[in-house]
Amino acid sequence: MAQMKQKLEAPVKRFSFYPIVEREFCKGCVLCVELCPVDALDMTDDYNKLGYHVAYLKDICTGCLICEKTCPELAIKVTKKPL
Ligand code: SF4
Ligand code: SF4
């Protein structure tokens, strides 16, 4: 019975995720914005020291790591924190 109850309960979300963008490493290629499956990223209106718009988190991140793995400049590190 305890096993059956466990199966029916929704999984408990214990963490929230957020990508940290190293502002001065970003070259504004927009790859992360286009590949994010939940449309959580966007580009800033302002520029970094290199003269590029920079990716930033605008909505809820699911922690899929696609942006971190595909950024050609290694400018994104996805981090999780306990809720
Ligand atoms: S993929 Fe990397 S370099 Fe390109 S916009 Fe995103 S953070 Fe910037
Ligand atoms: S980890 Fe996934 S969901 Fe979160 S911002 Fe990156 S691509 Fe989007």
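Because the structure is a prediction, the values reported are computed rather than measured.

### As for the overall build of the protein chain
Secondary structure assignment for the protein chain yields three helices and four strands. In summary, the protein chain has a C-alpha radius of gyration of 16 Å against a globular reference of 12 Å for 83 residues, an excess of more than 25%. For the C-alpha atoms alone, the extent of the protein chain along its principal axes is close to 60 × 20 × 20 Å. Restricting the contact set of the protein chain to residue pairs at least 6 apart, pairs at least 24 apart contribute 64%.

### Things to note about the site of ligand 2
The environment of ligand 2 is formed by 14 residues, the closest being Cys36, Cys61, Cys64, Ile66 and Cys67. Looking at the shell around ligand 2, the elements that each hand over two or more residues are β1 (15-21) and α3 (66-70). The class makeup of the residues in the shell around ligand 2 is 12 nonpolar, two polar and no charged.

### Things to note about unusual backbone geometry
Note on backbone geometry: most residues besides glycine have negative phi, and most peptide bonds are trans. With phi around 75°, Val30 is a residue other than glycine that occupies positive phi space. Here Val30 shows up in the loop between β1 and α2 (31-35). In this structure, Asp39 is a non-glycine residue whose phi angle is positive, near 55°. Relative to the helices and strands, Asp39 resides in the loop between α2 and β2 (41-43).

### Describing the nonpolar core
Counting residues in hydrophobic clusters, the biggest one holds 13 residues, and the most contacted among them are Val21, Cys32, Leu41, Ala55, Cys67 and Ile76. With residues near it in sequence (within four places) discarded, Cys32 still touches Leu41, Ala55, Cys67, Thr70, Cys71 and Ile76.

### Some words on the environment of Cys36
Considering the arrangement of structural elements, one finds Cys36 in the loop between α2 and β2. Classification of Cys36 as buried rests on a count of 22 C-beta atoms within 10 Å. Sequence spacing of Cys36 and Val12 is 24 residues, and the spatial spacing of their C-alpha atoms is 23 Å.

Conventions and cut-offs
- Residues numbered from 1 in each chain as written.
- Chains lettered and ligands numbered in written order.
- Predicted model: local features only at pLDDT ≥ 70, side-chain atom pairs only at ≥ 80, totals over all residues.
- Helix = DSSP H or I, 4+ residues; strand = E, 2+ residues; numbered from the N terminus.
- Rg over C-alpha atoms; globule rule 2.2 N^0.38 Å.
- Contact = placed C-beta atoms within 7 Å.
- Near = placed C-beta within 6 Å.
- Nonpolar A, V, L, I, M, F, W, Y, C, P; charged D, E, K, R; others polar.
- Core = buried A, V, L, I, M, F, W, Y, C linked by C-beta atoms within 7 Å.
- Buried ≥ 20, exposed ≤ 12 C-beta atoms within 10 Å, placed from the backbone.

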